Each structure stands twice: as structure tokens, then as C-alpha cells.
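An overview of the molecular structure
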Amino acid sequence: MNQQIGKGSLCFSEAPFIIGTASVVGTKEGEGPLAEEFDCIGSDDKFGQDTWEAAESSLQQEALTLALGKADKKPEDMRYLFAGDLLGQLIASSFGLKTFEIPLFGLYGACSTCGEALALSSMTVAAGYADHVAAVTSSHFASAEKEFRFPLAYGNQRPKSATWTVTGCGAAVVGKYGEKGIAKITGLTTGQVVDAGIRDSMNMGAAMAPAAFHTVMQNLKDLEITKEQLEKGWYDKIITGDLGKIGKQALADLLKEEGLEAEPFLMDCGMEIYDSGKQDTHAGGSGCGCSALVLGALILPNIQAGIWKRVLFIPTGALLSTVSFNEGQTIPGIAHGVILESMGI
């Protein structure tokens, strides 16, 4: 069977399985609507460490340890580890995961890194290069603010279009076809860089929405999914990473221009992780950890329970740095699509 489909997609003849997940979050996330679904909620956002960066590394250590335990695996059972974060040179991942002694691929796709990690994990297992791999993605509000914006003590005002970087880490263990699993990764659509000319770093939802739109349309084209099939529930949900309130609406508007009424099946992880009525996060959640946490706490449990049969999971990322922004560059976006299905399909 030809597993290459269309221009940018793959459909696996023997789908890899997600066999274990874990989520570790900070205090603000622990006050949100998914609190009861997280594996561990920190009592202190420094997680007993001296720096914000070390705290994020601690998140990764704990999440991977829990995921391996839930999958009934040991570090030595992992052939490879795909991991990433938002910090320079991926220091949260390299310092946090070094003690596991697993061969590591460090990834940077901004907030789309969870999708990139799952995609590469599934490709590696499906190709027979590994029986088991782990995917780990994290972010931390304070370390990200320090890296990209202002010192916390500065107390700058945030516009309503801004999102709140999630403090947390999600980890997943991917195993080969035939194992006992939570969900199947049946295919993927790799995103490409899409630059809509947005320059406002406080409105990253607007910068990422065109990339999410491109990935959705590429997926539908490659898999030859018709408008009628989509509206009849081909995907129970199309779930983006962290577009937030503004970006989600922008994506819905772009799809509507193509004749697709997406509101019934469109979701966004950044809209799910916080309570917009009680928590002051403006446009919603963002960060590498956002989609990884919602995946483990909401998406996979609904798939495992049979509530959703098939989901197109699309973590989204804004590709900027302090250097590019200060030099007046635009903010391109990228979005990686992963098709998740229940074990019963």
C-alpha cells in the first residue's frame, strides 16, 4: 500500500498506537476546567527549582516518568525521544531529559511542536525504525515571558488579543501496531510555513490561523474528503493548538470562504484549557504545552471512550524570535496535522 497521499499527507498501512500519556501542569492550569484530568498539578510554579527554566525541565522529567509508567515501559524500552520547548537551544528538553539516556531528537516548531513530535514519532514507528518512542513537549509562562517578552516584574499591559502561555508538559509513548493502545495515529498532514504578513506579536492567533487553514485544506485535498463528508462528520472534531479566541474565529472565517461551515466541529486547545469567564487569560492559552496537555486530558480520553471516532489534531505555531521581531520581520505560522482514531475503527 502506498502510504504517501497527495502532496503533504501520509496514511499508515499499520497505524502506530499511543499507549501511554501524562500531563503535569502549573497552578493556573490546575484551576481551569480540565484540572481533574491532569496527572499532576504543581503547588508552586517553580516546582521546587531555583529558576523558571529549571522548573520547566522538572515538568518534562515528571511527565515522561509518568507516561512511561502508564505505558508499562522503562526508559531503556524507548528507541528514540522526540522533544521540544520554546527556549533557546531547547534547554528545557536537553537539561530535563538527559538523565533518561534515550537517544534524543530536539524539535522546534514553536507551539506546533506537539504535532511535529507526534508526527515524527508515528513515522519512525510505522517505518520500522523503532518499536517504541516517546514524544514530550513543554512550556512555562514565566520562562517564555523571559525569553520572548518582558521581565515579569515589568508588569506590562497585555492587549485582549494576547494569549497566556501555558505552564505544563505533556508526554506520550507511541508503540507499534498491534499493542494495547489508547488511540491510533492513522495518518498525518505536514504543515508548511505560511506568512500572512502579520507583525503583531500580541496577536499570534491571527498569525497562525492561515497556516492552520492551509493544513486543513491540504488534508481534505490529499485524502479526497468532500465537503459533504466533512459536514456529515468525517472528523468528529478538527482541533487546533492555540489559536485562541481571535485565531479560531479567523480560521472559521477562512473555511467559510471555501463554503465550509466549521463551527459545529471546530475546537481549539487554547480555548479549552482555561475558564474564559473566571480566569484572566484574554484570548486563551498558548505555548508548546497547551495542545500537548489538552491532548492527554481531553482529546484522547474522548477518543478512548468512543465519544469521538476520528479527530484531526492540528497544533499551531508562530515562528518568531526576539531577533526577528525586533528587526521588523513578519510572523509566519506553521501547523502540523495528526489524524487520531479510536481503536475500534
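1. Here's the deal with the overall build of the protein
Within the protein one finds 10 helices and 17 strands. A globule of 345 residues ought to have a C-alpha radius of gyration of about 20 Å, and the protein, at 18 Å, matches this closely. The principal-axis extent of the C-alpha atoms belonging to the protein is close to 55 × 50 × 35 Å. Per-residue burial for the protein yields a buried fraction of 58% across its 345 residues. Counting only contacts in the protein whose residues sit at least 6 apart along the sequence, the fraction spanning at least 24 positions is 78%. Of the roughly 14300 Å² that the protein leaves accessible, carbon and sulfur atoms contribute 50%. Charge separation in the protein, taken as the distance between the mean sites of 26 positive and 41 negative side-chain charges, equals 3 Å.

2. Focus: the pattern of salt bridges
According to the stated counting rule, one finds four salt bridges in the structure shown. For Lys70, the salt bridge goes to Asp39, with nearest N and O atoms at 2.9 Å. Placement of the pair is Lys70 in helix H1 (residues 52-70) and Asp39 in the loop between strand E3 (17-25) and strand E4 (40-41), with a sequence separation of 31 residues. Across the salt bridge formed by Glu341 and Arg310, the nearest N and O atoms sit 2.9 Å from each other. Of this pair, Glu341 sits in strand E17 (residues 337-341) while Arg310 sits in strand E14 (residues 310-314), and the two are 31 residues apart along the sequence. Of the two residues examined, Glu341 and Arg310, each falls in the buried class.

3. Observations concerning the packing of helix H5 (residues 204-222) against helix H7 (residues 244-257)
Relative orientation of the contacting elements H5 and H7 amounts to 40°, with a least axis distance of 8 Å. The angle between the axes of H5 and H7 places the two elements in the oblique class. The chirality of how H5 crosses H7 is right-handed. When H5 is examined against H7, the residues Gly205, Ala206, Ala209, Pro210, Ala212, Phe213, Val216 and Met217 are found in contact with a partner set consisting of Gly247, Ala250, Leu251, Leu254 and Leu255. For the contact of H5 with H7, the class distribution of residues is 11 nonpolar, two polar and no charged.

4. Brief notes about the side chain of Thr215
By the secondary structure assignment, Thr215 is in helix H5. Taking relative accessible area as the criterion, Thr215 reaches 2% and is therefore assigned buried. What Thr215 contacts, discounting residues up to four positions off in sequence, is Thr189, Gly191, Ile314, Ala335, His336 and Gly337.

5. What about H1?
Between the first and last C-alpha of H1 there are 27 Å, a value that for 19 residues agrees with the 27 Å anticipated at 1.5 Å per step. Along H1, the residues classified as buried are Glu53, Ala55, Glu56, Ser57, Ser58, Leu59, Gln60, Ala63, Leu64, Ala67 and Leu68. Taken from the residues just after H1, Asp72 is the one with a positive phi, measuring 60°.

6. Comments concerning the nonpolar core
Within the largest apolar cluster, 45 residues are counted, with the highest numbers of intra-cluster contacts made by Leu118, Ile299, Phe313 and Leu340. Among the elements of the structure, E3, helix H3 (113-126), strand E7 (132-139), strand E9 (168-175), strand E10 (183-189), helix H9 (288-304), E14 and E17 are those that each provide at least two residues to this core. A total of 10 residues in this core trace back to one element, the largest contributor, which is H9. Grouped together as the second largest cluster of nonpolar side chains are 28 residues, Val194, Val216, Phe265 and Ile331 included.

7. Some thoughts on unusual backbone geometry
One non-glycine residue, Glu101, lies in positive phi territory at about 55°. Within the element layout of this structure, Glu101 appears in the loop between helix H2 (91-97) and strand E6 (104-107). Residue Glu224 is not a glycine yet carries a positive backbone phi of 55°. By secondary structure assignment, the location of Glu224 is in the loop between H5 and helix H6 (227-231). Its relative accessible area of 66% is what places Glu224 among the exposed residues.

8. Some words on helix H4 (residues 141-148)
The complete set of buried residues in H4 reads Phe141, Ala142, Ser143, Ala144 and Glu145. The inward-facing, buried residues of H4 contact H1, E7 and strand E8 (164-165).

9. Let's talk about the pairing of E17
With respect to burial, E17 is a largely interior element, five of its five residues being buried. Direction of pairing for E10 relative to E17: antiparallel, over a ladder of five bridges. Bridge pairing links Gly187 to Ile339 in E17. In terms of strand pairing, E14 meets E17 through four bridges, oriented antiparallel. Paired with Phe313 across the bridge in E17 is Val338.

10. A short note on a negative patch on the surface
Residues Glu228, Glu231, Asp253, Glu257, Glu258, Glu261 and Glu263 make up a contiguous surface patch of negative charge. A relative accessible area of 43% places Glu261 in the partly exposed class.

11. Overview of the packing of aromatic side chains
Throughout the structure, instances matching the rule amount to four aromatic pairs. Pairing Tyr80 with Phe105 gives two aromatic rings, centres 5.6 Å apart and planes at 55°, and the pair type is tilted. Residue Tyr80 is located in strand E5 (residues 80-84), and its partner Phe105 is located in strand E6; the two are separated by 25 residues in the primary sequence. Between Phe141 and Trp164, the aromatic rings sit 4.0 Å apart at their centres with planes inclined by 5°, giving stacked as the arrangement. Placement of Phe141 in helix H4 and of Trp164 in strand E8 is noted, with a sequence separation of 23 residues between them. Taking the relative accessible area as the measure of exposure, Phe141 reaches 15% and is therefore buried. Trp164 gets classed as buried once you look at its relative accessible area, which sits at 18%. Each member of the aromatic cluster is reached from another via a ring pair, and the members are Tyr80, Phe82 and Phe105. The residue whose ring lies beneath Lys28 is Trp164, and the NZ or CZ to ring-centre distance is 4.4 Å. Across the ring face of Trp234, the terminal group of Arg310 is positioned such that the distance to the ring centre comes to 4.4 Å.

Rules and cut-offs
- Residues numbered from 1 in each chain as written.
- Predicted model: local features only at pLDDT ≥ 70, side-chain atom pairs only at ≥ 80, totals over all residues.
- Heavy atoms only, no water.
- Helix = DSSP H or I, 4+ residues; strand = E, 2+ residues; numbered from the N terminus.
- Rg over C-alpha atoms; globule rule 2.2 N^0.38 Å.
- Buried < 20%, exposed > 50% of the residue type's maximum accessible area, 1.4 Å probe, protein only.
- Contact = heavy atoms within 4.5 Å.
- Areas by Shrake-Rupley, 256 points an atom, 1.4 Å probe, with all protein chains shown as cover.
- Lys, Arg positive; Asp, Glu negative; His and termini not counted.
- Charge placed at Lys NZ, Arg CZ, Asp CG, Glu CD.
- Salt bridge = Lys/Arg side-chain N within 4 Å of Asp/Glu carboxyl O.
- Axes fitted to C-alpha atoms, helices over the stretch in contact; angles between N-to-C directions.
- Parallel < 35°, antiparallel > 145°, perpendicular 65-115°, else oblique.
- Left-handed = near helix turned anticlockwise from the far one by under 90°.
- Nonpolar A, V, L, I, M, F, W, Y, C, P; charged D, E, K, R; others polar.
- Expected span 1.5 Å × (residues − 1).
- Core = buried A, V, L, I, M, F, W, Y, C linked by side-chain atoms within 4.5 Å.
- Pairing = 2+ DSSP bridges.
- Patch = residues over 30% accessible without salt bridge, like charges linked within 9 Å, V, L, I, M, F, W, Y side chains within 5 Å.
- Phe/Tyr/Trp six-rings, centres within 6.5 Å; stacked < 30°, edge-to-face > 60°.
- Lys NZ or Arg CZ within 6 Å of the ring centre and 35° of its normal.

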